[in-house]
Amino acid sequence: MTQTELIILNFTEIRRRSIKLWDALPKSCYYWRPDENAMSTIEMIRHVLGADYGWNIIINQGDMTNYKSPWENRPFVSVNDEIKFAKPYREIFLQSVSQLSDLQLRETEIIHPGNGEKKNLGEYLLRIGYHESVHAGQFLSYLRAMKIDRPEIWD
């Protein structure tokens, strides 16, 4: 298995588990948030799904100066609708990752536009997986706070 295949496997497993969590959310709780400064549940889902579009631009060293999300002004309908809308962006992102060589993973330098930090591409990709995993943990705590049964994500 190549390095990119392992990274994609990791991304796929993280997303599979995220979707299990999101599917446990009743529609009546889409706008729940633990406090006024936190993202609502549906905003967090959109944040995670929408990130693939931006990650793809970043790893391909595109210009983020005039970044515009495809989700901008799009109404929230349902978790399933969000996942369906995100699917083509996810596929494009994973396709970009699959085409990377070991040399590119080691030697390509990525500068994250949000904080200006420099990372090599391989490390940056691993941090992308970590980003979604952190939000999965947040989402678990949201479900707990709402007293919603949390799905088993370890199977």
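In this convention, every chain numbers its residues from 1, walking through the sequence in written order. In keeping with the predicted nature of the model, local features appear solely for residues at pLDDT of at least 70, side-chain atom pairs appear and are counted solely at 80 or more, and the whole-chain, interface and lining totals rest on all residues. Water and hydrogen atoms were dropped before computing side-chain values, which therefore reflect all heavy atoms in the structure.

Caption draft 1: Seen up close, unusual backbone geometry. Backbone geometry places Gln-61, a non-glycine residue, at a positive phi of 55°. Per the convention used, a helix needs a DSSP run of H or I reaching at least four residues, while a strand needs a run of E reaching at least two, with both numbered from the N terminus. Looking at where Gln-61 falls in the secondary structure, it is placed in the loop between α2 (41-59) and α3 (79-98). Its identity is not glycine, yet Asn-73 carries a phi of approximately 65°, on the positive side. Positionally, Asn-73 belongs in the loop between α2 and α3.

Caption draft 2: Focus on the nonpolar core. Judged by nonpolar contacts, the single largest core of 22 residues is most densely connected at Trp-22, Leu-25 and Phe-139. Sorting the residues of this core by element identifies α1 (3-23), α2, α3 and α5 (121-145) as the ones contributing at least two each. The element best represented in this core is α2, accounting for five residues. Ignoring anything within four residues of it in the chain, the contact list for Leu-25 reads Tyr-30, Thr-41, Ile-45, Phe-139, Leu-143, Met-146 and Ile-148. Buried Ala, Val, Leu, Ile, Met, Phe, Trp, Tyr and Cys residues that are joined via side-chain atoms within 4.5 Å together make up what is termed a nonpolar core. The buried label goes to any residue with under 20% of its type's maximum accessible area, the exposed label to any with over 50%, and the partly exposed label to all in between, with areas taken from a 1.4 Å probe on protein chains only. The next biggest cluster of nonpolar side chains, apart from the first, holds 17 residues, and it includes Phe-11, Trp-55, Leu-125 and Ile-128. Two residues qualify as a contact provided that any one of their heavy atoms is within 4.5 Å of a heavy atom in the partner residue.

Caption draft 3: Broad picture of the pattern of salt bridges. Whenever a carboxyl oxygen of Asp or Glu lies within 4 Å of a side-chain nitrogen of Lys or Arg, that contact is scored as a salt bridge. Inspection of the entire model under this criterion finds 13 salt bridges. Here Arg-15 makes a salt bridge to Asp-52, at a shortest N to O gap of 3.3 Å. On the criterion of sequence distance, the pair formed by Arg-15 in helix α1 and Asp-52 in helix α2 is long-range, its members being 37 residues apart. For the pair formed by Arg-15 and Asp-52, the shared burial category is buried. Note that Lys-87 is salt-bridged to Glu-91, the shortest N-O span being 3.8 Å. Pair noted here: Lys-87 and Glu-91 are both in helix α3, with a separation of four residues, about one helical turn.

Caption draft 4: A look at the packing of aromatic side chains. Under the pairing criterion, centres of Phe, Tyr and Trp rings, with the six-membered ring standing for Trp, must be within 6.5 Å; the plane angle then separates stacked pairs below 30 degrees from edge-to-face pairs above 60, leaving the rest tilted. Taken as a whole and assessed by the stated rule, the structure comprises nine aromatic pairs. Between Tyr-53 and Tyr-67, the ring centres sit 5.8 Å apart and the planes meet at 50°, which makes this aromatic pair tilted. Of the two residues, Tyr-53 is situated in helix α2 and Tyr-67 in the loop between α2 and α3; the sequence distance between them amounts to 14 residues. Residue classification places Tyr-53 among the partly exposed residues on the basis of a relative accessible area of 25%. Classification of Tyr-67 as partly exposed rests on a relative accessible area of 34%. Ring plane angle 80° and centroid distance 6.1 Å describe the contact between Trp-55 and Tyr-124, whose orientation is recorded as edge-to-face. Here Trp-55 is found in helix α2, whereas its partner Tyr-124 is found in helix α5, with 69 residues between them in sequence. The exposure class of Tyr-124 is buried, given its relative accessible area of 5%. Put simply, the rings of Tyr-53, Tyr-67, Trp-71, Phe-85 and Tyr-89 pair up and form one aromatic cluster. The ring of Phe-85 has Arg-74 lying over it, and the distance from NZ or CZ to the ring centre is 3.8 Å. Remark: a charge is flagged as sitting over a ring if the NZ atom of Lys or the CZ atom of Arg is within 6 Å of the ring centre and within 35 degrees of the ring normal.

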